[in-house]
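Remarks on the overall topology
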Amino acid sequence: MKYRTIGTDPKNRREVSALALGAMLFGSRTDEATSFAVLDRYVEAGGNFIDTSDNYAFWIDGGQGGQSEELLGRWRRSRGVGDEIVFATKLGARPLAPGTSYVDNAEGLSAKVIRESAERSRDRLGVAKLDLLYAHIEDHRVPLQETVEGFADLVAEGTVGLLGVSNHASWRVERARALAAAAGLPGYEVLQYAHSHLRPRFDVPDAPLFPDGSLGHAGPDLLSYLRAEPGLTLVAYSPLLKGAYTHPDRLPSDFDHPGTPARLKVLREVAQETGGTVNQVVLAWQMGGALPIIPLVGASSVAQLEESLAAVDLELTPEQRARLDSVH
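These remarks concern the structure in this document. The shown structure was predicted, so the numbers you read here are calculated from the model rather than taken from an experiment.

Moving on: the overall build of the chain. Secondary structure assignment for the chain yields twelve helices and ten strands. Relative to the compact-globule value of 20 Å for 328 residues, the chain shows a C-alpha radius of gyration of 19 Å, a close match. For the chain, the spread of C-alpha atoms along the principal axes amounts to about 50 × 45 × 40 Å. Buried residues in the chain amount to 54% of all 328 residues. Pairs at least 24 apart in sequence give 75% of the contacts found in the chain among residues at least 6 apart.

Between its first and last C-alpha atoms helix 3 (residues 67-79) spans 18 Å; for 13 residues at 1.5 Å apiece the expected length is 18 Å, and the two agree. Looking at helix 3, one finds that the buried residues are Q67, S68, E69, L71, L72, G73, W75 and R76.

Moving on: the pattern of salt bridges. For the structure on display, the rule yields 20 salt bridges. Two residues, E315 and K2, come together in a salt bridge whose shortest N-O distance is 2.6 Å. In this pair, E315 sits in the loop between helix 11 (302-310) and helix 12 (318-326) while K2 sits in the segment before strand 1 (3-6), placing the two residues 313 residues apart along the sequence. Across the pair D9 and K11 runs a salt bridge whose closest N-O atoms are separated by 3.2 Å. For D9, a relative accessible area of 27% puts it in the partly exposed group. Classification of K11 by relative accessible area gives exposed; the value is 66%. Residues participating in the shared-partner salt-bridge network are K265, E269, E273, E319 and R323.

Another aspect to go through is the packing of helix 5 (residues 111-125) against helix 6 (residues 144-157). Here helix 5 crosses helix 6 at 35 degrees, and the two axes come no closer than 8 Å. You can see that helix 5 and helix 6 cross each other, and the crossing is right-handed. Contact residues: A111, I114, R115 and A118 in helix 5; E146, T147, G150, F151, D153, L154 and E157 in helix 6. Residues that form the contact of helix 5 with helix 6 fall into these classes: five nonpolar, two polar and four charged.

We now examine the sheet that holds strand 3 (residues 20-22). Read once around its circumference, the closed barrel built from eight strands follows the order 3-4-5-6-7-8-9-10, with strand pairing classed as parallel. Each strand of the sheet is rotated relative to its neighbour by a mean of 30 degrees, with strand direction disregarded. Pairing between strand 6 (residues 130-135) and strand 7 (residues 160-166): five bridges, direction parallel. Residue pairing in the sheet places L133 in a bridge with L163 of strand 7. Along the sheet, helix 10 (residues 278-287) makes contact with strand 9 (233-237) and strand 10 (293-297), crossing strand 10 at roughly 145 degrees.

The next point concerns the nonpolar core. It is characteristic of soluble globular proteins that their nonpolar side chains tend to be buried jointly. Core analysis: the biggest nonpolar cluster contains 90 residues, and F49, I50, F151, L191 and L234 have the highest contact counts within it. Broken down by element, the residue count for this core peaks at seven residues, all from helix 10. Not counting chain neighbours up to four residues away, the residues in contact with F151 comprise L91, L109, I114, L133, Y134, A135, L163 and Y188.

Let us look at the side chain of Q286. Mapping Q286 onto the fold places it in helix 10. A distance of 2.9 Å separates a polar atom in the side chain of Q286 from the backbone oxygen of H195. Residues contacting Q286, with those up to four places away along its chain left out, are H195, S196, A236, P239, L291, I293 and P295.

Here the focus is the environment of D221. Relative to the elements of secondary structure, D221 occurs in helix 8 (residues 220-228). For the pair D221 and G275, spaced 54 residues apart in the sequence, the C-alpha separation amounts to 34 Å.

Here G219 shows up in the loop between strand 8 (190-194) and helix 8. Between the C-alpha atom of G219 and that of L132, which follows or precedes it by 87 residues, the distance is 23 Å.

Checked against the element boundaries, A180 lands in helix 7 (residues 170-182). Given the relative accessible area of 1%, A180 is considered buried. Once you skip the residues sitting within four places of it in the chain, A180 turns out to touch V148, L185, P186 and G187.

Glancing now at helix 7. Each α-helix winds once per 3.6 residues, and so residues spaced three or four apart point in a common direction. Along its 13 residues, helix 7 runs 18 Å from first to last C-alpha, staying within 8% of the 18 Å computed at 1.5 Å per residue. By the burial criterion, the buried members of helix 7 are R172, V173, A176, R177 and A180. In a view along the axis of helix 7, the buried residues occupy a sector of 135 degrees, so they form one face of it. Of the residues in helix 7, the exposed ones pointing more than 90 degrees away from the buried face are A181 and A182. Its buried side turned inward, helix 7 meets helix 6, strand 7, strand 8 and helix 8. Phi turns positive one or two residues past the end of helix 7, at G184, with a value near 70 degrees.

Conventions used here
Residues numbered from 1 in each chain as written. Predicted model: local features only at pLDDT ≥ 70, side-chain atom pairs only at ≥ 80, totals over all residues. Heavy atoms only, no water. Helix = DSSP H or I, 4+ residues; strand = E, 2+ residues; numbered from the N terminus. Rg over C-alpha atoms; globule rule 2.2 N^0.38 Å. Buried < 20%, exposed > 50% of the residue type's maximum accessible area, 1.4 Å probe, protein only. Contact = heavy atoms within 4.5 Å. Expected span 1.5 Å × (residues − 1). Salt bridge = Lys/Arg side-chain N within 4 Å of Asp/Glu carboxyl O. Axes fitted to C-alpha atoms, helices over the stretch in contact; angles between N-to-C directions. Left-handed = near helix turned anticlockwise from the far one by under 90°. Nonpolar A, V, L, I, M, F, W, Y, C, P; charged D, E, K, R; others polar. Pairing = 2+ DSSP bridges. Core = buried A, V, L, I, M, F, W, Y, C linked by side-chain atoms within 4.5 Å. Polar contact = N/O pair within 3.5 Å; in protein donor to acceptor, adjacent residues only side chain to side chain. Arc of directions from axis to C-beta.

Purely geometric stuff here, so don't read any function into it on its own.
Here it is, written out as C-alpha cells:
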C-alpha cells in the first residue's frame, strides 16, 4: 500500500492509504458477512481510509440511513479496531423523516444539526472522535458563517479532526474557507467529488439540486482550485463509474458526447500495454498524477476489491500518463 497525508494541522492531519474504501452499501445491499470480508481484506492489504455517511443507505428501505455507520461500528468492535483506521463520514443530506430524501427534506447544515448529527455518527461508529467530517450537500437556508462555526466548534472540542466538503459549488467552498481563515478557524481541507478519466457534460442540469449543471463532479473550476491550493486533497468518488468501464450500458447519459470514445480508446491501449485492466489504469492514473487525488472505491465482493488493490502498484510511464492527460 502507498500513503499520503491529508490535512495540514499537525494535531489532526493523518496518513491515509492511497486507495480509500467506500462503505455506502455495507449493511444494506451488501450483507454483513460480505462487508466484513471486504473490510478485513482491505485492512490486511494496508488500507486504512474508510468512507461512509449518516444517510447511507436511506434509499434502499425508504428510511433515514445509518446502516453503513452501524455496520462499521459492529466491525470495529468485533475486530478491536482503534484509531489506526481513519473513518470519514458526512452529514447534511440525511432525510429528516422516512420516505423523504435529501432533495425535499434534508437535515441541512445548521449548527444544531452539525452537533447532533455528528454525535449520532460517533455513537453508530463507536468512536470518540470523527477523523474526517464532511458537509455532504449545500444548504442555502443557513448562513455559511453558521456552518463554518458549527464545524469548527467540534474541532475545538476534539470530537472531530479534519473537515471536508462534497457536492458544493467551488465558489461556496472558497467562501467558506475564507470565512474560516478570517476568523482563525479550521476550514475544509478535503474535497469529495465524483471524478474519473471519462468526463461528463458539466452543463447538464441535475434539478432541483443543481439547476445550472452538475456540482457533484470535479470540473475544471474545482481541479484548478485543487492545483492552486497545495493543502487540499480530492477524494474522488465513483472513479470506476459504478462498473461502466466494463459494462458500457451503465454509462450515464451525460457521458454521451464525442470526447468519450477517444478517452476510452486511450484507456484501452494503455491497459493492453501494462497488462492491467481499464479499471486499474483509471485508478493508477488518479493515484500517481500531479494532483493530490485519492480514489474512493466501492466493492461488493473481495474479488472486486482485489482488482482495485492491484492498481496501487501499477506504474504508468510518463508517456502513457501524457497520453491519458492530453486526450480530448
